[in-house]
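Residue strings, one per chain:
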Amino acid sequence: MNPVAKLVRAFRTLSLRLTTPIRIEFNLTDYCNLNCKGCTHYAPLAGEEYTPIAELELNMRHLSSIRRSREIRQIYLIGGETLLYPQINNAISLARHYFPWAEISIFTNALLLPRMDDEFWELCRKNDTIIAITRYPVKFDYDCAVSICERNHVRHSLFGDRSVSGSFFRVRLDPEKRQNRWIANFRCYSFGCLTVSDNKLFPCPQSACVRHLNKRFGTDFSIEKGDYIPISDITDIRQIRRLRNHPIPFCGYCKKSLPTPYELSKRVKNEWIDTNK
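Since the structure is predicted, the reported quantities are computational estimates derived from the model, not experimental observations.

> Kindly report on helix H4 (residues 118-126), identifying the contributing residues and their values.
Listed as buried for H4 are Phe 120, Trp 121, Leu 123 and Cys 124. Taken end-on, H4 shows its buried residues confined to a sector of 160°, consistent with a single buried face. Counted as exposed and oriented over 90 degrees from the buried face of H4: Asp 118 and Lys 126. Its buried side turned inward, H4 meets helix H3 (88-98), strand S3 (103-108), strand S4 (129-135) and helix H5 (142-151). Remark: Asp 128 follows H4 within two positions and exhibits a positive phi of approximately 45°.

As C-alpha cells, this is what we get:
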C-alpha cells in the first residue's frame, strides 16, 4: 500500500473510532464452558467466580446517572460464558431498568441456550434483550439454538463465527512493555470494549482480566492507576470517551494482534505471551 493510501486509511479509521457510539460491557464472569486458545478474557485460566449481583447493580446505577449517560448506546452482558452466571435473569432486568434507552445484548457461545428456563426467555422478550451468538467449531447444533430464540420470540444475532478462517485473533503481550502505546491503541483489536470489572472501568478485556494470567504463571503484567477509572469516580461521559480513545499504560504490553486458527487451549504461557525479541 502506498503512503497516501495508508494515510487515507489511517484517517478514516481514526474518524470512525472517534464517532463510534459508546458501549459498556459488564463482565459477569470470566469462567467458561469452552477452552479457547488465546482467549482475550484468559477464560481457560480463570476460576469459577462471578460478579456479585449487588456490585453489578451498584455499577449500573452509577453509570446510568452520570452526565450525558444517554450517550451510552449499547450494554453488553459478557463473560467467559455469560449464561453460566447464576443470576443472569436478575442481570437482564437490572440492565433494562438502569438503561431503558440502550440496546442490550447477552453474548454467548449458545451451548446453554437449550437449558434456559421460561423465566429467562420471558425476561429477554420483556426487556427487548438480544441474544448475540458466537459460533465455535464444536459439536453443537447452532441452527437449533437460533430456532429456540425464534420460537421464544427473542431477538438474536450472529456476532461471529470462529470456524471461519481469520475470524479468531491472538492478542500477544510483550512482557518487557516495549510497545509504542499510541500505535498499539490505534490498531487495538479490542477497541471500544469498555469493560466493567471489580468496580473499575477498563478500556479492554485484556487489562481488565490479566490478573488470571499473572496468577497462573506468576507474571507481572501490572495494572497502573491510568489503566482504569474507578466507577465511583466517573461523573461525565467525557471521562469514558477519553479512556476509550487514548492509550493507557497497559498498551505498552500489546503487540499487533494476529489471526490464528481456532484451537483448544493447553493453558501454556505462549498462548498469550510473546517472548520473541
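> Let's hear about the sheet that holds S3: which residues, and what values?
Strand pairing in a sheet relies on backbone hydrogen bonds. The paired strands run either parallel or antiparallel. Pairing in this open sheet of eight strands is mixed, and the strands run S5-S4-S3-S2-S1-S7-S8-S9 from one edge to the other. Where the open sheet ends on each side, the last strands, each with one partner, are strand S5 (156-161) and strand S9 (229-230). Across three bridges, the pairing between strand S7 (residues 194-197) and strand S8 (residues 200-202) is antiparallel. Bridge pairing in S8 places Val 196 opposite Leu 201. The sheet strands contacting helix H2 (residues 53-64) are strand S1 (22-27), strand S2 (72-78) and S7, and the helix crosses S1 at an angle near 165°.

> Describe the nonpolar core, with residues and values.
One broad rule of soluble globular proteins: the nonpolar side chains tend to lie buried together. By size, the foremost hydrophobic cluster in this structure holds 75 residues, and its most contacted members are Ile 24, Ile 88, Leu 113 and Phe 120. Looking at which element gives the most residues to this core, the answer is H3, with six residues. Excluding its chain neighbours within four sequence positions, the residues that come into contact with Leu 113 are Leu 83, Phe 120, Trp 121, Ile 131, Ile 133, Ala 145, Ile 148 and Cys 149.

> How would you explain the packing of aromatic side chains if you had to name every residue and give the values?
Per the counting criterion, the structure on display carries 13 aromatic pairs. Looking at Lys 200, its charged tip hangs above the ring of Tyr 228, at a distance of 5.4 Å from the centre.

> Could you give an account of the pattern of salt bridges, naming the residues involved and the relevant values?
Inspection of every chain in the model, using the stated rule, returns 17 salt bridges. The residue Arg 68 makes a salt bridge to Asp 236 at a minimum N-O spacing of 3.9 Å. Note that Arg 68 is positioned in the loop between H2 and S2 and Asp 236 in the loop between S9 and helix H9 (237-245), a separation of 168 residues in sequence. What makes Arg 68 partly exposed here is its relative accessible area of 38%. Arg 178 serves as the salt-bridge partner of Asp 174, at 3.0 Å between the closest nitrogen and oxygen. We classify Asp 174 as buried; its relative accessible area is 0%. Residue Arg 178 is classed as partly exposed on the basis of its relative accessible area of 42%. Overlapping salt bridges, with partners in common, bring together Arg 67, Arg 68, Glu 71, Asp 236, Arg 238 and Arg 241 in one network.

> Provide a residue-level description of the pairing of S4, including the pertinent values.
The buried fraction of S4 amounts to six of the seven residues, a majority that puts the element mostly inside the structure. Bridge count between S3 and S4: five bridges; the pairing is parallel. Within S4, the residue paired with Ser 105 across the bridge is Ile 130. Traced from S3 through H4 to S4, the parallel crossover comes out right-handed. Note that S4 and S5 share five bridges and pair parallel. Bridging across to S5, Ala 132 finds its partner in Ser 157. With H5 bridging S4 and its parallel neighbour S5, the resulting β-α-β unit is right-handed.

> Describe the environment of Asp 143, and please don't skip the residues or the numbers.
Among the secondary structure elements, Asp 143 is positioned in helix H5. A polar side-chain atom of Asp 143 sits 3.3 Å from a polar atom in the side chain of Arg 135.

> Describe in detail the side chain of Thr 219, supporting the description with residues and values.
Note that Thr 219 resides in the loop between helix H8 (211-217) and S9. By relative accessible area, which is 18% here, Thr 219 ends up buried. A distance of 2.8 Å separates a polar atom in the side chain of Thr 219 from a polar atom in the side chain of Asn 214. Apart from the residues lying within four places of it in its own chain, the contact partners of Thr 219 are Leu 213, Asn 214, Lys 269 and Ile 273.

Conventions we followed
Residues numbered from 1 in each chain as written. Predicted model: local features only at pLDDT ≥ 70, side-chain atom pairs only at ≥ 80, totals over all residues. Heavy atoms only, no water. Buried < 20%, exposed > 50% of the residue type's maximum accessible area, 1.4 Å probe, protein only. Helix = DSSP H or I, 4+ residues; strand = E, 2+ residues; numbered from the N terminus. Arc of directions from axis to C-beta. Contact = heavy atoms within 4.5 Å. Pairing = 2+ DSSP bridges. Axes fitted to C-alpha atoms, helices over the stretch in contact; angles between N-to-C directions. Core = buried A, V, L, I, M, F, W, Y, C linked by side-chain atoms within 4.5 Å. Phe/Tyr/Trp six-rings, centres within 6.5 Å; stacked < 30°, edge-to-face > 60°. Lys NZ or Arg CZ within 6 Å of the ring centre and 35° of its normal. Salt bridge = Lys/Arg side-chain N within 4 Å of Asp/Glu carboxyl O. Right-handed = clockwise from strand over helix to strand, strands pointing away. Polar contact = N/O pair within 3.5 Å; in protein donor to acceptor, adjacent residues only side chain to side chain.

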